[in-house]
Amino acid sequence: MKRFNLEAINRTLAEKNAVERVAYGLERFGQGAVLLSSMQKTASVIMHIFHRLGADNDIVFVDTGFHFHETLSLRDSFMRKYKLNIMTLYPKLTPEQQEAEYNCKLYKTEKGQPVCCAQRKGKPFIDYMIQQGKQLAFGGLRKSEGEARANLGILSEDPRFNGYRINPILDWTDEMVDAYLLEHEVLTHTMHSKGYPSVGCQCCTTPVKAGEDVRAGRWRHLREEGEEGPVYCAMNYSDGSGI
Ligand code: SF4
C-alpha cells in the first residue's frame, strides 16, 4: 500500500480538532478505515464522533470471553442508540478450550498473561485487519497516559497488518474527555463510576484505591504491592507488543 510522509501528515493533523482528524482518516482510507473499540471512555468519544459524521465503517470490538457483562451491554447500547456498525470478533478458542490446550488458566501467571492477551485480543484484531484488507485503525490512545504513548504521533505505522493507526484524541487530557462525554451526553461504561477507571477482562481487573494510578487495577494479581507489572495488553503496537 501507499506509504505516507508521517511527519508532514502529523504536522497537518496537529492543527485539526478531533472531529476533523476522524474525518481525515475516513476520507483518506474510505472503508479501509475501522475503529478498534475497547468500550472505555475514549472509545465512547470516538464512537460518538463516528455517529456525528454518519460513518458506517466497521467498529470492531474483541470479545475475549472474559469481559464484564457491563462491557457487552455497553456495546449493545451503542448499537441501539447510535446505529453504529459494531462487529464483534472472537478468539479461535473458547476460554475452556484454551485452558484445556495449555493445561492452565494463562491469565493467572506472569508468563501466561502475554500469551492469553495475544491470543484473545491481539490475534483476532490483526487477523481481521489482514483478512479484510483494512489499512487504518482508529484508537483512543493519549499522550497523557505516559509510557510509549507519550511519544506517539497522531498517525503511526502498524507493521503487523502493514497499515496505520490514528489516535484522534492523542493530545486530549482526562478533563477534555470527560467534558466531551458530558456535553454530548454520550453513553459510557457504568463501571467507571464504581472505582474502575480502566476496565479490561473480569479476571484481570480490580477497582483502584484512592491515590492509585488509573491503570493500577489491571493485572494486579501479577505483581506484589509496590512492584511493577503489566499495565498494557498487546493490542496496541505502539505499547511494544510486536505480536
Ligand atoms: S486481560 Fe487477562 S483474561 Fe483478558 S486476554 Fe489478557 S490475560 Fe487473558
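Residues numbered from 1 in each chain as written. Predicted model: local features only at pLDDT ≥ 70, side-chain atom pairs only at ≥ 80, totals over all residues. Heavy atoms only, no water.

Draft legend 1. Representation of the sheet that holds strand β1 (residues 33-36) within the structure. Judged by pairing direction, the sheet is mixed, and its six strands sit side by side in the order β3-β2-β1-β4-β6-β5 without closing on themselves. Pairing within the sheet leaves two strands with one partner each, and these edge strands are β3 (86-89) and β5 (155-158). The mean angle between the axes of side-by-side strands here comes to 30°, regardless of whether they run parallel or antiparallel. Where strand β4 (residues 136-138) and strand β6 (residues 163-166) come together, three bridges link them in parallel fashion. From the neighbouring strand, Leu136 faces β6, where its bridge partner is Tyr164. (Pairing = 2+ DSSP bridges. Helix = DSSP H or I, 4+ residues; strand = E, 2+ residues; numbered from the N terminus. Axes fitted to C-alpha atoms, helices over the stretch in contact; angles between N-to-C directions.)

Draft legend 2. Spatial organisation of the side chain of Arg149. As for its position among the elements, Arg149 is in the loop between β4 and β5. A polar atom in the side chain of Arg149 sits 3.1 Å from the side chain of Glu145. (Polar contact = N/O pair within 3.5 Å; in protein donor to acceptor, adjacent residues only side chain to side chain.)

Draft legend 3. The nonpolar core, seen in detail. With 40 residues, the main nonpolar core has Met47, Phe50 and Phe138 as its most contacted residues. At six residues, helix α3 (residues 41-53) tops the list of elements feeding residues into this core. Residues contacting Met47, with those up to four places away along its chain left out, are Leu35, Ser37, Met39, Ile59, Phe78, Leu84 and Ile86. Grouped together as the second largest cluster of nonpolar side chains are eleven residues, Val34, Leu36, Val60 and Phe161 included. (Core = buried A, V, L, I, M, F, W, Y, C linked by side-chain atoms within 4.5 Å. Buried < 20%, exposed > 50% of the residue type's maximum accessible area, 1.4 Å probe, protein only. Contact = heavy atoms within 4.5 Å.)

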